[in-house]
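Take a look at the letters that make up each chain.
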Amino acid sequence: MVHPPSFKGWAGMIKRILGFIESFVVGFNKVLVLIASIMMAGLMIIVCIDLGLRYFFNSPLLWGTEVTEILLLYITFLGMAWVFREDGHVVIDVFTGKLIGRKKKILSGISYCLVGIVAAVLIYYGFYTTYDHYTRGVFNPTVIETPIWLIIIVIPVGSVPLFLEVLIKGWKLFNAK
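Everything quoted here is computed from the prediction, not taken from an experiment.

A. Representation of the packing of helix H2 (residues 64-85) against helix H5 (residues 154-175) in the model. One way to put it is that H2 packs onto H5 with a least axis distance of 8 Å and a crossing angle of 5°. In terms of their interaxial angle, H2 and H5 are classed as roughly parallel. Here Leu73, Tyr74, Phe77, Leu78, Met80, Ala81, Phe84 and Arg85 of H2 lie close against H5, whose contacting residues are Val154, Ile155, Gly158, Ser159, Pro161, Leu162, Glu165, Val166, Lys169 and Lys172. Among the residues making up the contact of H2 with H5, the classes are represented as 12 nonpolar, two polar and four charged.

Written as structure tokens, this is what we have:
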């Protein structure tokens, strides 16, 4: 007679799967943060060159503003999951600072659920909108005419590791002794 796996077996399997996902997401986040850091350096260089050209020659880079806007979007979404993992987002801890134990855990769980829902919406609609803009061939009507899908693809790509981080942190939160 074959016995169904026990709850402890399922919990162990889920723990192993989440451990694998966590190691993958940590590595993936390191790559994304490296790319975001390089983009930040490029952003600073572009702004400095643009400022110098505008001030000294009254001739700014025609594409400077558009590229810096795109870079800011990319930097934000590429670093989002890493900042969430490190608890680096700005928080207002009026409620959580006064809570301890189970109540604090429940409030953190609600917060993780909300972040997970937002990440899931960004993933779904981000990929949907990106694909729609790709198939229709929509371009940004600016100097460099960037395809819109290249601009917005970072939204779902950056939201996937955020969603996985939410799952990992939520699992750790509710399985902590």
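Moving on from the coordinates now.
B. A look at unusual backbone geometry. Phi is positive for Asp87, which is not a glycine, with a value near 55°. Position of Asp87 relative to the elements: it lies in the loop between H2 and helix H3 (101-136). At Glu145, a position not held by glycine, the phi torsion is positive, near 45°. Within the element layout of this structure, Glu145 appears in the loop between H3 and helix H4 (148-152). Under the relative-accessibility criterion, Glu145 is labelled partly exposed at 49%.

Conventions adopted
- Per-chain numbering applies: the sequence of each chain, read as written, is numbered from 1 onward.
- For a predicted model such as this one, the threshold for reporting local features is a pLDDT of at least 70, and the threshold for listing and counting side-chain atom pairs is 80 or more; totals across whole chains, interfaces and linings nevertheless cover every residue.
- Excluding hydrogens and water, the side-chain figures rest on all heavy atoms present in the structure.
- Note on method: axes are straight lines fitted to C-alpha atoms, helices fitted across the in-contact stretch only, with angles between N-to-C directions ranging 0 to 180 degrees.
- Elements are defined by DSSP. Helices are runs of H or I of four residues or more, strands are runs of E of two residues or more, and each kind is numbered from the N terminus.
- Angle categories are assigned with fixed cut-offs, so that under 35 degrees is roughly parallel, over 145 is roughly antiparallel, 65 to 115 is roughly perpendicular, and the rest are oblique.
- A contact between two residues is defined here by any heavy atoms of the two lying within 4.5 Å.
- The classification used treats Ala, Val, Leu, Ile, Met, Phe, Trp, Tyr, Cys and Pro as nonpolar, Asp, Glu, Lys and Arg as charged, and all other residues, Gly among them, as polar.
- Exposure is judged per residue with a 1.4 Å probe applied to protein chains only, and the accessible area is read against the type maximum: over 50% gives exposed, under 20% gives buried, and values in between give partly exposed.

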